Amino acid sequence: QVQLVESGGGLVQAGGSLRLSCAASGRIFSINAMDWYRQAPGKQREMVAQINSGGSTNYADSVKGRFTISIDNAKRTGYLQMNSLKPEDTAVYYCNAPLIATQRGIVRDSWGQGVQVTVSS
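Residues numbered from 1 in each chain as written. Predicted model: local features only at pLDDT ≥ 70, side-chain atom pairs only at ≥ 80, totals over all residues. Heavy atoms only, no water.

Comments concerning the state of the cysteines
The full count for this structure, using the stated rule, is 1 disulfide. With its sulfur 2.0 Å from that of its partner, C22 forms a disulfide with C95. An S-S torsion of about 60° defines the bridge between C22 and C95 as right-handed. A residue pair is termed long-range when its members are at least 10 positions apart, and C22 in strand β3 (residues 18-26) and C95 in strand β10 (residues 91-102) qualify at 73 residues. (Disulfide = S-S within 2.5 Å. Helix = DSSP H or I, 4+ residues; strand = E, 2+ residues; numbered from the N terminus.)

Remarks on the pairing of strand β5 (residues 34-39)
Among the 6 residues that make up β5, 5 are buried, leaving the element largely enclosed by the rest of the structure. Where β5 lies against strand β6 (residues 46-51), 5 bridges are found, and the strand directions are antiparallel. In the strand pairing of β6, W36 is matched with A49. Counted between consecutive antiparallel strands, the loop separating β5 from β6 contains 6 residues, among which G42 sits at a positive phi close to 75°. Judged from the 5 bridges that link them, β5 and β10 form a sheet pairing that is antiparallel. The residue of β10 that forms the bridge with D35 is N96. (Buried < 20%, exposed > 50% of the residue type's maximum accessible area, 1.4 Å probe, protein only. Pairing = 2+ DSSP bridges.)

Brief notes about the packing of aromatic side chains
If you walk through the whole model with that rule in mind, you get 1 aromatic pair. A cation over a ring is seen here: R45 above Y94, with NZ or CZ 3.8 Å from the ring centre. Against the face of W111 rests R45, its NZ or CZ located 4.9 Å from the ring centre. (Phe/Tyr/Trp six-rings, centres within 6.5 Å; stacked < 30°, edge-to-face > 60°. Lys NZ or Arg CZ within 6 Å of the ring centre and 35° of its normal.)

Details of the sheet that holds β3
Strand order in this open sheet of 4 strands is β1-β3-β9-β8, and the pairing throughout is antiparallel. Here the strands that pair on one side only, and so sit at the sheet edges, are β1 (2-7) and β8 (67-72). The average undirected angle you get between the axes of adjacent strands in this sheet is 15°. Bridging between β8 and strand β9 (residues 77-82) involves 6 bridges; their strand directions are antiparallel. Note on β9: the bridge partner recorded for T68 is Q81. (Axes fitted to C-alpha atoms, helices over the stretch in contact; angles between N-to-C directions.)

Structure (structure tokens):
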């Protein structure tokens, strides 16, 4: 019914930048909020950034000032701009949509499949 697909990951040197995208597909009316999480090997999944329906954002302390979350409802796509990347940012990044309005009703807690980000030192 609803699918989230991340893209934009890859290998980058420390200090570099990547922009992750999370595209939602399906019979969607609107997607106004999105979260990004990441999970490094041997570690728990952690919240990286959040944006709510009012446009307010929240970031993990470790990425404040370096990452920027945004959402384009017209394109049904969320973004995570990552600058000044560090080796410790290496992880699989996942997008999550807490609530999506679809033609069949509200879909809660949709997750993408994840995208690998590797930062070399």
